[in-house]
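Now for the letters of each chain:
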Amino acid sequence: MFQGQRGWFCGSVSHDLRQFRVAEGGTISDPRVADFLFGCDASHPDTLRIYQSLDYIEDNATVFHACYLSAVANAEIKNSVALGHFILPPASLQKVLDSPISCCVLRFNQGAVDSVVNKTDENIVLTLFTGENPALN
């Protein structure tokens with residue numbers, strides 16, 4: 001599955017997940033030459049160093065949550081697990097993503113906000129973005 005791919009692992013990643021990747025043909029490497037960077041804790045000093053690196057700042061590096069490896073291990077078809085679903089953002093961004101406003105999906109109609117759907121409180125978000133209250137319509 002990971003044949004010829006180099007991976008770096010933050011100290012927050014379990015030994016078992018590292019070993020699974022090696023057993024599937026991957027190698028463990030330094031973060032500067034790794035094809036993939038894995039972490040479990042965005043606040044861990046190892047991961048923070050990646051977030052503060054020039055490569056990360058210039059969008060040349062992405063940290064993936066190591067639970068991707070667990071998902072691959074448990075999948076019937078190993079290469080069917082989408083890696084993009086396992087991005088590990090910095091802790092400061094996680095706070096923003098966990099806020100209710102981040103659950104919004106905006107649909108644009110000719111450059112203007114057409115509608116907003118929110119999983120937690122549609123009325124508040126619609127009012128915030130469009131100035132309209134759907135309860136009054």
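You'll find the structure just up there.
A few points on the structure.

Cut-offs applied
Residues numbered from 1 in each chain as written. Predicted model: local features only at pLDDT ≥ 70, side-chain atom pairs only at ≥ 80, totals over all residues. Heavy atoms only, no water. Pairing = 2+ DSSP bridges. Helix = DSSP H or I, 4+ residues; strand = E, 2+ residues; numbered from the N terminus. Contact = heavy atoms within 4.5 Å. Axes fitted to C-alpha atoms, helices over the stretch in contact; angles between N-to-C directions. Salt bridge = Lys/Arg side-chain N within 4 Å of Asp/Glu carboxyl O. Buried < 20%, exposed > 50% of the residue type's maximum accessible area, 1.4 Å probe, protein only.

1. Focus: the sheet that holds strand β2 (residues 27–28)
(1) Moving on: The strand order across the open sheet formed by four strands is β2-β1-β3-β4, and the pairing between neighbours is parallel. The outermost strands of the open sheet, each flanked by one partner alone, are β2 and β4 (63–65).
(2) Moving on: The pairing of strand β1 (residues 6–9) with β2 spans two bridges and is classified as parallel. When the sheet's bridge partners are listed, glycine 7 is paired in β2 with isoleucine 28.
(3) Moving on: Where helix α1 (residues 15–23) meets the sheet, it contacts β1, β2 and β3 (36–39), and its direction lies at approximately 175° from that of β1.

2. With respect to the pattern of salt bridges
(1) Moving on: Taken as a whole and judged by the stated rule, the model has three salt bridges.
(2) Moving on: As a salt-bridge pair, arginine 49 and aspartate 46 come within 2.5 Å of each other at their nearest N and O atoms. A residue pair is termed a helical-turn pair when its members lie 3 or 4 positions apart in one helix, as arginine 49 and aspartate 46 do in helix α2 (residues 45–51) at three residues.
(3) Moving on: Classification of arginine 49 by relative accessible area gives exposed; the value is 51%.
(4) Moving on: With relative accessibility at 19%, the residue aspartate 46 sits in the buried group.

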